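# Residue-level structural notes
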Amino acid sequence: MSTTTSSAVRAAGGDVLRRALPPVLLGVVGLAAWQALVVAADVPPFLLPSPTAIVEQLVEVGPLVLEASLATGANVLVGTLLGAVVAVLAALLAARSRPVDAVLSPTAAAIAVLPIVALAPVLNTMFGTTTTTPRRLVVAAVVFAPVFVTTLRGLRQVLPVHRELLRSYAATPAQLARTVTIPGALPYLFTGLRIASSTGVIAAVVAEYFGGLQDGLGSRITSAAANSAYPRAWAFVVGAILLGLAVYLLTLAAERLVARRQGL
Amino acid sequence: MRSIPVPTGSRSGSTTSAVAPAAGAPRPGPAAAVRAVGVHKRFRTRAGVVTALQDVHLEVAAGEFVSLIGPSGCGKSTLLRLVADLEEPTSGELSVFGKAPRVAREAQDYGIAFQQAGLLPWRSVRGNVELPLELHGVGRRERAGRARELLALVGLSDFADHTPAQLSGGMQQRVAIARALAERPSLLLMDEPFGALDEMTRERMQTELVRICAESGAAVVFVTHSIPEAVFLSDRVVVMSPRPGRISAVVPIRLPGTGERTEGLREDAAFFAAVTAVREALHGGAAGTPAVAAPETAAGAPRGVDLR
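All residue numbers refer to positions counted from 1 along the written sequence of the respective chain. Throughout, the order in which chains and ligands are written sets their labels, letters from A for the former and numbers from 1 for the latter. Restriction of local features to residues with pLDDT of at least 70 applies here, the model being predicted, together with a cutoff of 80 or more for giving and counting side-chain atom pairs; totals for whole chains, interfaces and linings are based on all residues.

## Looking at the overall build of chain B
Helices and strands together make up the secondary structure of chain B, namely nine helices and nine strands. Exposure is read from a count of other C-beta atoms within 10 Å of each residue's own; the residue is exposed at 12 or fewer, buried at 20 or more and partly exposed in between. C-beta atoms are placed from the backbone. Relative to its full complement of 308 residues, chain B shows a buried share of 45%. Note that contacts rest on C-beta atoms placed from the backbone: two residues are in contact if these are within 7 Å. Considering only contacts in chain B between residues 6 or more positions apart, those separated by 24 or more positions represent 71%. By the criteria applied, helices consist of DSSP H or I runs no shorter than four residues and strands consist of E runs no shorter than two, each listed in order from the N terminus.

## Looking at the nonpolar core
What tends to happen in soluble globular proteins is that the nonpolar side chains get buried as a cluster. Within the largest apolar cluster, 90 residues are counted, with the highest numbers of intra-cluster contacts made by Val83, Leu189, Val220, Val221, Val231 and Val278 of chain B. Sorting elements by how many residues they give to this core places helix 9 (residues 269-284) of chain B first, with seven residues. Those residues within four positions of Val83 of chain B in sequence are excluded, and the remaining contacts are Val34, Leu94, Val96, Pro101, Leu189 and Val221 of chain B. Remark: nonpolar core denotes a set of buried Ala, Val, Leu, Ile, Met, Phe, Trp, Tyr and Cys residues whose joining runs through C-beta atoms within 7 Å. Counting 55 residues, the second largest nonpolar core, distinct from the first, contains Ala87, Phe148, Ala204 and Leu217 of chain A.

## What about the interface of chain A and chain B?
Residue-level contacts link 17 residues of chain A with 18 residues of chain B. Those elements that provide at least two residues to the side of chain A that touches chain B are helix 7 (160-168) and helix 8 (173-207) of chain A. Ranked by the residues each element gives to the side of chain A that touches chain B, the list is headed by helix 7 of chain A, at six residues.

## Overview of the pairing of strand 3 (residues 65-69) of chain B
All names here are of chain B. The element strand 3 is largely enclosed, with a buried count of five among its five residues. Because side chains alternate across strand 3, one face comprises the buried residues Phe65, Ser67 and Ile69, and the other comprises Val66 and Leu68, equally buried. The pairing criterion for strands is at least two bridges between them, as found by DSSP. As judged from the five bridges shared by strand 3 and strand 7 (residues 219-224), these two strands associate in the parallel manner. Bridge pairing in strand 7 links Leu68 to Val223.

## Quick look at the sheet that holds strand 4 (residues 91-96) of chain B
Note: strands within a sheet are paired through backbone hydrogen bonds, in either parallel or antiparallel orientation. Residue and element names in this part refer to chain B. Spatially, three strands are ordered 2-1-4 in an open sheet, and the strand pairing comes out antiparallel. With one partner strand each, in any of the chains shown, strand 2 (48-60) and strand 4 form the two edges of the open sheet. Each strand axis lies, on average, 30 degrees off the axis of its neighbour in the sheet, ignoring direction. The axes used here are C-alpha line fits, helices contributing only the stretch in contact, and every angle between their N-to-C directions lies in the interval 0 to 180 degrees.

## Considerations on helix 6 (residues 133-155) of chain A
By definition here, a helix of n residues has an expected span of 1.5 Å times n minus one. With 23 residues, helix 6 of chain A extends 31 Å between its outermost C-alpha atoms, agreeing within 8% with the 33 Å of an ideal straight helix rising 1.5 Å per residue. Note that bend, as reported per residue, equals the angle between axes fitted to the 7 residues terminating at that residue and the 7 residues originating from it. Along helix 6 of chain A, the sharpest kink reaches roughly 30 degrees, centred on Phe144 of chain A and followed within four residues by the proline Pro146 of chain A.

## Points about the sheet that holds strand 7 of chain B
All names here are of chain B. The sheet built from six strands is open, its strands ordered 5-6-7-3-8-9 with mixed pairing. Only two strands of the sheet have a single partner each, and these edge strands are strand 5 (110-113) and strand 9 (246-252). Each strand of the sheet is rotated relative to its neighbour by a mean of 15 degrees, with strand direction disregarded. Judged from the five bridges that link them, strand 6 (residues 187-191) and strand 7 form a sheet pairing that is parallel.

## What to know about the environment of Ala235 of chain A
Residues and elements named next belong to chain A. Within the secondary structure layout, Ala235 lies in helix 10 (residues 230-261). Residue class for Ala235 comes out buried when judged on the 26 C-beta atoms lying within 10 Å of it. Along the backbone, Ala235 and Leu58 are 177 residues apart, and their C-alpha atoms lie at a distance of 5.1 Å. Sequence-distant contacts of Ala235, defined by excluding residues within four places in its chain, comprise Ile54, Gln57, Leu58, Val61 and Val65.

## Details of the confidence of the model for chain A
A low pLDDT score tells you not to read the predicted coordinates there in detail. Confidence of the prediction at every residue is given by pLDDT, a number between 0 and 100. Residues at a pLDDT of 70 or more form 94% of chain A, whose mean pLDDT is 83. Mean pLDDT values over the elements of chain A span from 76, in helix 1 (residues 2-41) of chain A, up to 89, in helix 7 of chain A.

## What to know about the pairing of strand 5 of chain B
A regular strand carries its side chains on alternate faces of the sheet. Residues and elements named next belong to chain B. Here strand 5 shows no split at all, with Tyr110 and Ile112 on one side and Gly111 and Ala113 on the other all buried. The pairing of strand 5 with strand 6 spans four bridges and is parallel. Counted as the bridge partner of Tyr110 is Leu187 from strand 6.

## Let's talk about the packing of helix 3 (residues 62-96) of chain A against helix 10 of chain A
Residues and elements named next belong to chain A. Interaxial distance between helix 3 and helix 10 falls to 10 Å at its minimum, and their mutual angle equals 40 degrees. By the angle between their axes, helix 3 is oblique relative to helix 10. Crossing angle aside, the handedness with which helix 3 passes helix 10 is right-handed. Contacts from Val65, Ala68, Ser69, Thr72, Gly73 and Val76 in helix 3 reach Ala235, Phe236, Gly239, Leu242, Leu243 and Val247 in helix 10. Residue polarity follows a fixed list, in which Ala, Val, Leu, Ile, Met, Phe, Trp, Tyr, Cys and Pro are nonpolar, Asp, Glu, Lys and Arg are charged, and the others, Gly among them, are polar. When the residues that make up the contact of helix 3 with helix 10 are grouped by side-chain class, the tally is eight nonpolar, four polar and no charged. Roughly parallel refers to an angle under 35 degrees, roughly antiparallel to one over 145, roughly perpendicular to one between 65 and 115, and oblique to any angle outside these ranges. Each helix crossing is assigned a hand: it is left-handed if the near helix lies turned anticlockwise from the far helix by less than a right angle, otherwise right-handed if that turn is clockwise.

## A few points about helix 5 (residues 140-153) of chain B
Residue and element names in this part refer to chain B. Taking 1.5 Å of rise per residue, 14 residues should cover 20 Å, and helix 5 covers 20 Å from first to last C-alpha, within 8% of that figure. By the burial criterion, the buried members of helix 5 are Arg143, Arg146, Ala147, Leu150 and Leu151. One side of helix 5 carries all its buried residues, which in axial view fall inside an arc of 130 degrees. Residues of helix 5 that are exposed and point more than 90 degrees away from the buried face comprise Arg141, Glu142, Gly145 and Ala152. Those residues of helix 5 that are buried lie in contact with helix 4 (125-135) and helix 6 (169-180). What the arc covers is the set of directions going from the helix axis to the C-beta atoms.

## Comments concerning the environment of Ala53 of chain A
Within the fold, Ala53 of chain A resides in helix 2 (residues 51-60). As for Ala53 of chain A and Ala235 of chain A, which are separated by 182 residues in sequence, their C-alpha atoms are 9.1 Å apart.

## Concerning the confidence of the model for chain B
All names here are of chain B. Overall, the prediction assigns chain B a mean pLDDT of 77, with 81% of residues at 70 or greater. For residues 1-28, every residue scores under 50 in pLDDT, and the model assigns this stretch 39 contacts once sequence neighbours within four places are set aside. Under a pLDDT of 50 for its full length, residues 285-308 has, in the predicted model, 24 contacts with residues more than four places off or in other chains. Per the prediction output, this complex has pTM 0.70; the corresponding ipTM is 0.74.

Written as C-alpha cells, this is what we have:
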C-alpha cells in the first residue's frame, strides 16, 4: 500500500515535472537570448533593458515593488468583490424575472464591450485624484460582466428533476433558491470570477496610468519611465505580472475547491 | 396479497382533520390512496393537441402496490405526474387520500422517486436524505436520527458522509428511495426508479423494495417498462396502451405462498403465468394495430418460456 502510494506520488511528481519543464526551459532560453541580444547589440535601456539590470533594480527597490503590489492588489480585491456582489445580485434578479433579464443582459453585454479603463480619467474628475475609489470602480465594472453572465447561466441550470422534487416537497421559492438554485450556480460564479480576475488586475494597473494617487504599480511604472529609470519601470512590470499570477491562482484554487465539493 | 390497512395522513394531520367531512355526513369508508375518475389529459404542442390520457379510471387502495406498464407514450408517467400534482388533469376527478392532489402534495402525503436519482451533488448522502425534513422544519437532532434509520433501511449506513458522485447508480437510487420515505408517506410514487440500472442490480433493488414497502406499509404506484418487474412487485398490474393513452387491462397478480416475495418466486410457475398474462394483456391492448395479427390466446394460460 505504502509503496504504491509513494510510487503514485512519485509518478504525479514526475508528471508535474514533465509538464512544467518545457515552458520553464523556454523561459530560461528566452531570458538568455534577451540578455545576449542586449549586450551584443548594445541596445539602449530606454529601448530594452537587460534582464540582469531589471533583476538588479528588483532587488534594490524590492520593498517598494511589494508595497505598490499590495496597494494595487487592494484595489483589485475591493473592486472584484464589489463587482462580483453586484453581478450576483443582478443575476439573481434576472433569473427571477424576464423583464429584469431583458434590461440587464444587454446592459452586461454593453459593459463587456466598453473599454472601461477609458472611463478612468472621467472617474478621476468625478471622485477626485486623492482617492482609490475611481480605480476600484473601474475594476468592479470590468468584473461585473463576466460574473453576471456566468452566474446567470448557472442559475438557469437547475435540472428538471430537482425542480420537480422541490415542487413535490411544496418548497417555497426561497427554499428552492437556498437549497438548489444557488448552490448549483456556485461553480459557474467561480468560473466567472476566475475569468474576470485577470482582466481586473489589468484594469487596476492601467487605471493608475491616468493620474491620481501615486501608490500603485501603474503609477510607479509611469513615473519610473518618465524619470528615464527604465530598468526600474520594468521591475514594477515584473511586480504587476506576479500580482496577476497570484490573483489568477487564487481564483483558480477557489474554483477547483467549489467544483470538487460538488463532485464535478 | 399485501393489503395492510394503513392509517392515512401520518403527519401530525392538521390538514387531514381540517378536510374531514362534517359530523353526520355519510362517510364513504377509508379513502383510497389514489382515486381517478374519468381523467383526461391533453397537451398542446406545436404539432397540435396530443391526448396523453383518455378516460382513466383507477383506484389504488391504501397499502396496495400497483404498477403502471405500457409502451412509451401510453401516458403512464403522465398519470403518475398527475397524482403527484406535477401536472394538472384537463378534465376528470383525481383524489389522493380523498383530497385534491395539490392539497395532498402540500400535506406531504406522498414520497416520490424518479428515474434519475436526482440527488443534490453538493450535499452528502445524509444531507440528501435529510432534505425534505429540513425543508419542513424538522429539528437537527430528529433529522439525523431519521436519516440514520433510513440509511440503515436501504443498507447504506456506511456511506452517510459520502457525496453522491462517489456512489454507483444503484446506490444513488437507494438514497433517493430513502429520501422518498423520509416523511413516512402513506403513498410512494415511483417513476421507473430502476430504469437506468443493470439487470442484476435491478432485481436486487426490487427485492429490497418489496421488503421496504412491507416495513413502511405505504401504497405504491410504480411506473415501469419491465413485465417481470411489474409482476414481481405488484398486487395489481395496470396495463396501458398509447395514442391515446388509456388503461386497457388490469391484471391482478395472485402468487402462491404467504404473499412473501422472495428471489425464489422468480422461478415459480405462477410467476411465469402472471408474466404471460401481463404480456398478453399488453399485446391485446395493441388491437388498434391488427397487422400484428396476434391470436386471441386465453389470458393467464402459462407458457413458461421466452421470458424476454
